[in-house]
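Chain by chain, the residues run as shown.
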Amino acid sequence: MDKQYKVTVLPGDGIGPEIVEEGVKVLKQAGKQFGYRFQLDFGLVGGGAIDRVQTPLPQETLRQCRDADAVLLGAVGGPDWDQNPPELRPEKALLDLRKKLGLFANLRPVQCFPGLEESSTLKKDVVNGVDLLVVRELTGGIYFGEKYTEKTGKGEKATDTLVYQEHEVERIMRRGFELARKRRKKVTSVDKANVLESSRLWRKVAQRVARDYPDVELEHMLVDNCAMQMIRRPAEFDVIVTENMFGDILSDESAVLTGSIGMLPSASIGEGTKGLYEPVHGSAPDIAGQGVSNPVATILSVAMMFRHSFQDEEAARTIEHAVINVLAQGARTMDVAVPGDLALSTDQMGDRVVEELKKRQPDPKIPVEAMM
Ligand SMILES: NC(=O)C1=CN([C@@H]2O[C@H](COP(=O)(O)OP(=O)(O)OC[C@H]3O[C@@H](n4cnc5c(N)ncnc54)[C@H](O)[C@@H]3O)[C@@H](O)[C@H]2O)C=CC1
Ligand SMILES: CC(C)CC(=O)C(=O)O
Ligand SMILES: [Mg+2]
C-alpha cells in the first residue's frame, strides 16, 4: 500500500518556476522508488498572485497549504513589485504563510560538499568539513513587530519594533538543543545581548533551557562576532540558534561556505509534521528565464520534506547522496562552476540527480543518524 501525501507546490516568481520544476521531478522519482502516491496541487503566490488576483497570498493558496502535508515553494519577489505598498509586496506572502501555518522553526543546514571547496571564495582548509545547522526563529522578531512611517517636523520617521516573548524563545531554543543532541552536541546561541533587551531575554532563556540538556554544550556569541567566525573557522560550529533577522542574514553569509546560495535548502516547521520547504535564496531576477539557476537548494529542500514531513530518513538520505554523487562526478551549474567546467543548465542538473537517484535502491548501509 502506497504512502499517500498531499503536497502544495508554489513556484512563485523569477527563477522560482524553473527550480521548482526540478524539485518536483526529484519528488516524483523518489516517491516512485520509496512507495509514495502524491497529490500535487499547484498554487499562486507572490508577485504572480498580485498580478492575477491582486493579493500576494490568495485565500485559495492559504487553503491549499492548510490542507497539505507539505508545501514546496520556489521564491517570490522581483523589481516589478518593488515599489508596491507593504500589503502588495510579494514577500508579505511568505511572512503570512509562515505565521499562519505556525512554522516557527526554520532549519537551514550548511555543508560544503566534497569537490565544492574549489567553488568557495574562501580557502579550501577553511571550508573543508563544514557541517552546521542554522536554526532560525521564523515567526517573531522585527519582521513581525509593529511598523509604521509618520511625518514629523524633521521629515519622515520610520519605526520597526523587535519583540520576543519568553515562550517564543523557549520553543526555538528547545528545538535547537534537540537537534544538537542528534548531531555534535553543541549549541551556539547568537544574540546582541550587549545592546538589545530582546537579546538579554534570549540569552536568559538559552541558559535556562540548557539545564535540561546537560549533554549539550552551550556557548553564547554576539552576532557581529558570529558573522566573522562563520567565515574564519566555520567547521567549529554545530547548531546555531538565533532570532529571525540575524538568522536570515547569517544564513545568506553561510552560502559562501557552500560555493553558492544555490546550494542552501531550508525547512520551516512547527509543532507537527507539516512543513514548508524552500531554498534559502530569493527569486534571482538577474538570471531568471535563462535556465542557468542552480536547482540543488530546491532538490535538497525536497529531501528535507521526506525527512520532516514524511518521517522518511532513508528517502531523504538517498536524495542527498544522489546530489553528493553527481557533484562528485563534476556536475556543476554556472554558480559553482570553476574555470574549465562545462556548466549544466537547470534542467540538466535536475535530470542528472534523477538519473543518479534511479541507480540507488534503498541502501541499508546508509548511516541513519540524522543529518540535522
Ligand atoms: N524566500 C524568498 O522568496 C526570498 C525572496 N527574496 C526576494 O528575491 C528578490 C531578489 O533578491 P536578491 O537580494 O537579489 O537575492 P537572491 O537570493 O534572489 O539573489 C542573490 C544572488 O544570488 C544568485 N542566486 C540566487 N539563487 C540562485 C540559484 N539558485 N542559482 C544561482 N544563483 C543564484 C542571484 O543570481 C543573485 O546574484 C527580491 O525581490 C527579494 O525580496 C529574497 C530572499 C528570499
Ligand atoms: C521575507 C523573506 C523575503 C525573507 C528572507 O529573505 C528569507 O526568509 O530568507
Ligand atoms: Mg533571506
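Residues numbered from 1 in each chain as written. Chains lettered and ligands numbered in written order. Predicted model: local features only at pLDDT ≥ 70, side-chain atom pairs only at ≥ 80, totals over all residues.

S.K.: Would you explain the pairing of strand S9 (residues 217-222) in this entry?
M.R.: Successive residues of a regular strand alternate their side chains across the two faces of the sheet. Both strand S8 (residues 186-191) and S9 contribute to a ladder of six bridges, which runs parallel. Note on S9: the bridge partner recorded for Ser189 is His220. Once the chain exits S8 it traverses helix H7 (residues 197-210) before rejoining the sheet at S9, and the crossover so formed is right-handed. (Pairing = 2+ DSSP bridges. Helix = DSSP H or I, 4+ residues; strand = E, 2+ residues; numbered from the N terminus. Right-handed = clockwise from strand over helix to strand, strands pointing away.)

S.K.: Looking at this structure, how should I read the environment of Gly140?
M.R.: Following the sequence through the fold, Gly140 ends up in the loop between strand S5 (131-137) and strand S6 (147-152). The buried category is assigned to Gly140, around which 21 C-beta atoms lie within 10 Å. Distance in space between the C-alpha atoms of Gly140 and Leu162 is 8.1 Å, their sequence separation being 22 residues. When neighbours within four sequence positions are excluded, Gly140 is seen to be in contact with Val163, Tyr164, Glu168 and Asn244. (Buried ≥ 20, exposed ≤ 12 C-beta atoms within 10 Å, placed from the backbone. Contact = placed C-beta atoms within 7 Å.)

S.K.: So what exactly am I meant to see when it comes to the site of ligand 2 here?
M.R.: Near ligand 2, the surroundings consist of Glu91, Leu94, Leu95, Asp248 and Val280. In terms of residue class, the shell around ligand 2 is made up of three nonpolar, no polar and two charged. (Near = placed C-beta within 6 Å. Nonpolar A, V, L, I, M, F, W, Y, C, P; charged D, E, K, R; others polar.)

S.K.: Is there a simple way to explain the site of ligand 1 in this structure?
M.R.: Neighbouring residues of ligand 1: 23 residues in total, closest Gly77, Gly262, His281, Gly282 and Asn294. Considered class by class, the residues forming the shell around ligand 1 number ten nonpolar, nine polar and four charged.

S.K.: Explain the environment of Phe310 here, please?
M.R.: On the secondary structure map, Phe310 appears in the loop between helix H10 (296-308) and helix H11 (313-328). Not counting the four nearest positions on each side in its chain, Phe310 is found in contact with Lys3, Tyr5 and Met305.

S.K.: Any chance you could explain the confidence of the model for the protein here in plain terms?
M.R.: Caution applies to low-pLDDT regions: their predicted coordinates should not be interpreted in detail. Residues of the protein with pLDDT of at least 70 account for 97%, and the chain-wide mean is 95. Scored below 50 in pLDDT, residues 366-372 shows 13 contacts in the model against residues more than four places distant or in partner chains. Taken together, the chains of this predicted complex give a pTM of 0.96 and an interface ipTM of 0.99. (pLDDT = per-residue confidence, 0-100.)

S.K.: It is not clear to me how the packing of helix H8 (residues 223-232) against helix H9 (residues 244-258) should be interpreted in this structure. Could you clarify?
M.R.: Angle between the axes and distance between the axes: these two values describe a pair of packed helices. In the contact formed by H8 and H9, the axes pass within 9 Å of each other and the chain directions differ by 15°. With respect to their mutual orientation, H8 and H9 come out roughly parallel. Here H8 runs over H9; the crossing is right-handed. Listed contacts from H9 to Val223, Cys226, Ala227, Met230 and Ile231 of H8 are Phe246, Leu250, Glu253, Ser254 and Val256. Partitioned by chemical class, the residues of the contact of H8 with H9 number eight nonpolar, one polar and one charged. (Axes fitted to C-alpha atoms, helices over the stretch in contact; angles between N-to-C directions. Parallel < 35°, antiparallel > 145°, perpendicular 65-115°, else oblique. Left-handed = near helix turned anticlockwise from the far one by under 90°.)

S.K.: What is the right way to look at the UniProt feature "binding site: substrate" (unreviewed entry) in the protein in this model?
M.R.: Under the local residue numbering, the UniProt record ascribes the feature "binding site: substrate" (unreviewed entry) to Arg98, Arg108, Arg136 and Asp224. Taken along the chain, the residues just named run across 127 residues; in space they spread out, the farthest C-alpha pair reaching 26.6 Å. Looking at the secondary structure, you find Arg98 in helix H4 (residues 90-100). Those residues in contact with Arg98, other than ones at most four positions away along the chain, are Leu103, Leu138, Thr139, Ser268 and Leu276. Tracing the sequence through the fold places Arg136 in strand S5. Accessibility expressed as a C-beta count within 10 Å gives 29 for Arg136, which makes it buried. When near neighbours in sequence (up to four residues on either side) are disregarded, Arg136 contacts Asn106, Arg108, Thr242, Asn244, Gly247, Asp248 and Ser251. (UniProt positions renumbered as here; feature names shortened; annotations may be inferred.)

S.K.: For this particular structure, what's the right way to read the sheet that holds strand S4 (residues 105-111)?
M.R.: Strand pairing in a sheet relies on backbone hydrogen bonds. The paired strands run either parallel or antiparallel. Pairing within the open sheet is mixed, and its ten strands lie in the order S2-S1-S3-S12-S11-S4-S5-S10-S8-S9. The strands lining the two open edges of the sheet, one partner per strand, are strand S2 (36-42) and S9. Within the sheet, the average angular offset between the axes of one strand and its neighbour, ignoring direction, is 25°. Each of strand S3 (70-75), strand S11 (267-269) and strand S12 (275-277) touches H10; the most contacted strand, S12, lies at about 165° to it.

S.K.: How should I be thinking about the nonpolar core in this particular structure?
M.R.: In summary, soluble globular proteins display a tendency toward joint burial of nonpolar side chains. Membership of the largest hydrophobic core comes to 101 residues, with the highest contact counts inside it found for Leu72, Val135 and Ile319. Split by domain, the residues of this core number at least three in each of domain 1 (1-103 + 265-372) and domain 2 (121-148 + 155-258). In this structure Leu72 touches Val7, Val9, Val20, Gly23, Tyr277, Val302 and Met305, once residues within four positions along its chain are discounted. (Core = buried A, V, L, I, M, F, W, Y, C linked by C-beta atoms within 7 Å. Domains from an automatic or database assignment.)

S.K.: Explanation requested: helix H1 (residues 16-34) in the structure shown.
M.R.: Helical geometry note: an α-helix holds 3.6 residues per turn, so side chains three or four residues apart project in the same direction. Taking 1.5 Å per residue, 19 residues should reach 27 Å; H1 reaches 26 Å between its end C-alpha atoms and fits that length. On its buried face, H1 sits against strand S1 (3-12), S2, S3, H10, H11 and helix H12 (346-359). Following H1 by one or two positions, Gly35 adopts a phi angle in the positive range, close to 80°. (Expected span 1.5 Å × (residues − 1).)

S.K.: I keep staring at unusual backbone geometry and nothing clicks. Help me out?
M.R.: Among all residues except glycine, the phi angle is most often negative; among peptide bonds, the trans geometry is most common. For Lys185, which is not glycine, the phi torsion reads 60° and is therefore positive. Inspection of the secondary structure assignment puts Lys185 in the loop between helix H6 (166-181) and S8.

S.K.: Quick question: what am I supposed to make of the UniProt feature "site: Important for catalysis" (unreviewed entry) in the protein here?
M.R.: UniProt feature "site: Important for catalysis" (unreviewed entry): in the numbering of this structure it lies at Tyr143 and Lys192. Looking at where Tyr143 falls in the secondary structure, it is placed in the loop between S5 and S6. Tyr143 sits in the buried class, given 20 other C-beta atoms within 10 Å. Not counting residues within four places of it along the chain, the set of residues in contact with Tyr143 comprises Leu95, Asn244 and Met245. Within the secondary structure, Lys192 is located in the loop between S8 and H7. Setting aside chain neighbours within four positions, we find Lys192 in contact with Ser199, Leu222 and Val223.

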